[in-house]
Amino acid sequence: MKKLETLIDKKITKSILKYKMIEEGDKVLLAVSGGKDSMILAYYLAKKIKGFPINFTFKAIHIQSEFGNPAEMANMEKLLQSWGVDYEILEVGVIKRLKPGKKMNCYWCSTQRRTELLKYAVDNGYDKIALGHHMDDIIESLIMNMALKGKISTMLPILDYDRYDQAIIRPLSYVKEHEIIKMADHLNITKCTCQCGFADNSKRRDMRDIIQTMVDTHGDVVRENLYNSMSNIIPRYLPEE
Ligand SMILES: Nc1ncnc2c1ncn2[C@@H]1O[C@H](COP(=O)(O)OP(=O)(O)OP(=O)(O)O)[C@@H](O)[C@H]1O
């Protein structure tokens, strides 16, 4: 387990330094759902505030909507406390925000969360908002946008807001989901399930299966190759519009 723990740590350091995600003196706001990805990030950032070459502070924030699971939240709080993480729970009712006749969906819900996170960051002087997306999320989005939207784009490791000084960062960009799952099991991080009943992740699941088929045939390096392909564009061998 020590080897995996160090590997994940190195990958987080690599992405922070490569993409200049955290700068000297930054205040980082980490969005934690209580699930494995953002909790793993909380665990590593808690270790990193001591002895990282760049000085920064961070606080975890959980947005609690009507769809949380109290038992999972209790586990989240217990773990954050055991790692010495400063955290806050923000209660945000989302149901009343839904326009008449509109149905709830994951995209809409995450937009509500994003708005609250940005507002909190602006009001309280946070420079960066850290999210728990990892390499698999990024390559699934890439394949999904290509196959279903006819465009090449994905979620970025770092994204500056146009109209605010804040930026979104994804320090797990180089970490693969299976590495997170193993480490999360080791740390007793439980699965976090939304209770809304409207979640439809079928398209993302389809993309995951397609990537897994390629991995089964050509090895895990397929994930890195898909990720690296986004910064290895050869215009000469791409058709013009
Ligand atoms: N209720 C919440 N409060 C605060 N941040 C959240 C919440 N839900 C999601 N997030 C943030 O948004 C990211 C992506 O959310 P998503 O719902 O796609 O979860 P996920 O990929 O299952 O990740 P996780 O394992 O962290 O739940 C999370 O990693 C976390 O940083």
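Keep in mind that what you see is a predicted model, and the values were worked out from it rather than measured. (Residues numbered from 1 in each chain as written. Predicted model: local features only at pLDDT ≥ 70, side-chain atom pairs only at ≥ 80, totals over all residues. Heavy atoms only, no water.)

A.B. asks: I keep staring at the site of the ligand and nothing clicks. Help me out?
C.D. replies: Close to the ligand lie 14 residues; Ala-31, Ser-33, Asp-37, Ser-38 and Ile-63 are nearest. Asp-37 is positioned such that a nitrogen or oxygen atom in its backbone is 2.9 Å from an oxygen atom of the ligand. Alone, the ligand offers 580 Å² of accessible surface; in the complex the protein occludes 75% of this. At the level of secondary structure, the elements contributing two or more residues to the shell around the ligand comprise helix H2 (36-48) and strand E2 (56-64). Residue classes in the shell around the ligand are distributed as five nonpolar, six polar and three charged. (Near = heavy atom within 4 Å. Polar contact = N/O pair within 3.5 Å; in protein donor to acceptor, adjacent residues only side chain to side chain. Areas by Shrake-Rupley, 256 points an atom, 1.4 Å probe, with all protein chains shown as cover. Helix = DSSP H or I, 4+ residues; strand = E, 2+ residues; numbered from the N terminus. Nonpolar A, V, L, I, M, F, W, Y, C, P; charged D, E, K, R; others polar.)

A.B. asks: Help me understand the nonpolar core in this model?
C.D. replies: Within soluble globular proteins, side chains that are nonpolar generally end up buried alongside one another. Ranked by size, the top nonpolar core spans 36 residues in total, and within it Ile-40 and Trp-83 carry the most contacts. For this core, the secondary structure elements donating two or more residues are helix H1 (2-18), strand E1 (26-31), H2, E2, helix H3 (70-82) and helix H6 (177-186). Take this core: its biggest share by element is eight residues, from H2. Once residues lying within four places of it in the same chain are set aside, the contact partners of Ile-40 are Leu-172, Ile-180, Met-183, Ala-184, Leu-187 and Ile-189. Formed by 20 residues, the second largest nonpolar core is a distinct cluster that contains Phe-67, Met-104, Ile-129 and Leu-131. (Core = buried A, V, L, I, M, F, W, Y, C linked by side-chain atoms within 4.5 Å. Buried < 20%, exposed > 50% of the residue type's maximum accessible area, 1.4 Å probe, protein only. Contact = heavy atoms within 4.5 Å.)

A.B. asks: Would you explain the environment of Arg-205 in this entry?
C.D. replies: Relative to the helices and strands, Arg-205 resides in helix H7 (residues 202-218). Since its relative accessible area comes to 47%, Arg-205 is described here as partly exposed. For the pair Arg-205 and Glu-140, spaced 65 residues apart in sequence, the C-alpha to C-alpha distance is 8.7 Å.

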